[in-house]
Amino acid sequence: MLRLATDVLRERATQAGHETQEDIAGHAGIDRSALSRLMAGRTTPTLATVRRLAMAYGVPMDDLVIERVPAKATGAPKVHGRPEPVQRVPA
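The notes below deal with the structure included here. (Residues numbered from 1 in each chain as written. Predicted model: local features only at pLDDT ≥ 70, side-chain atom pairs only at ≥ 80, totals over all residues. Heavy atoms only, no water.)

## So, the nonpolar core
Next up, step 1: Formed by 16 residues in total, the largest nonpolar core has its most connected members in Leu4, Leu9, Ile24, Leu35, Leu53 and Leu64.
Next up, step 2: Of all the secondary-structure elements, those providing two or more residues to this core are helix H1 (6-15), helix H2 (21-28), helix H3 (32-39) and helix H4 (47-57).
Next up, step 3: Per-element tally for this core: the top contributor is H4, with four residues.
Next up, step 4: Leucine 9 has contacts with Leu4, Ile24, Leu35, Met39, Leu53, Tyr57 and Leu64, leaving out every residue within four places of it along the chain. (Core = buried A, V, L, I, M, F, W, Y, C linked by side-chain atoms within 4.5 Å. Buried < 20%, exposed > 50% of the residue type's maximum accessible area, 1.4 Å probe, protein only. Helix = DSSP H or I, 4+ residues; strand = E, 2+ residues; numbered from the N terminus. Contact = heavy atoms within 4.5 Å.)

If you want it as structure tokens, here you go:
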């Protein structure tokens, strides 16, 4: 899964005098709340969004995304992210 490379974006935005998410979103032509979710890592960037940000700040698209490494699997069955409870058999 991919996520936005916020450090690269913030650096380029700051160089351009865009300090806030509102400034960055406005310059790139994207929704501020969508940018907020991307920068917090809560959503995966779309190709269109990465393209807009890359064009707005003169950054290669590859520099604006990083691959999120999934957590190692423990092999234990999971239910909603928690280990499945052990069922005890009466003696």
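## Remarks on the environment of arginine 3
Next up, step 1: Position of arginine 3 among the secondary structure elements: in strand E1 (residues 2-4).
Next up, step 2: For arginine 3, a relative accessible area of 34% puts it in the partly exposed group.
Next up, step 3: For arginine 3, the contacting residues outside a window of four places in its chain are Pro45, Leu64, Val65, Ile66 and Arg68.

## Things to note about H2
Next up, step 1: When we look at burial in H2, the residues that qualify are Ile24, Ala25 and Ala28. Seen along its axis, H2 keeps its buried residues to an arc of 95 degrees; they face one direction. Facing away from the buried side of H2, by more than 90 degrees, are the exposed residues Glu22 and Gly26.
Next up, step 2: Taken together, the buried residues of H2 touch H1, H3 and H4.
Next up, step 3: Looking one or two residues past H2, glycine 29 carries a phi angle of roughly 75 degrees, positive in sign. (Arc of directions from axis to C-beta.)

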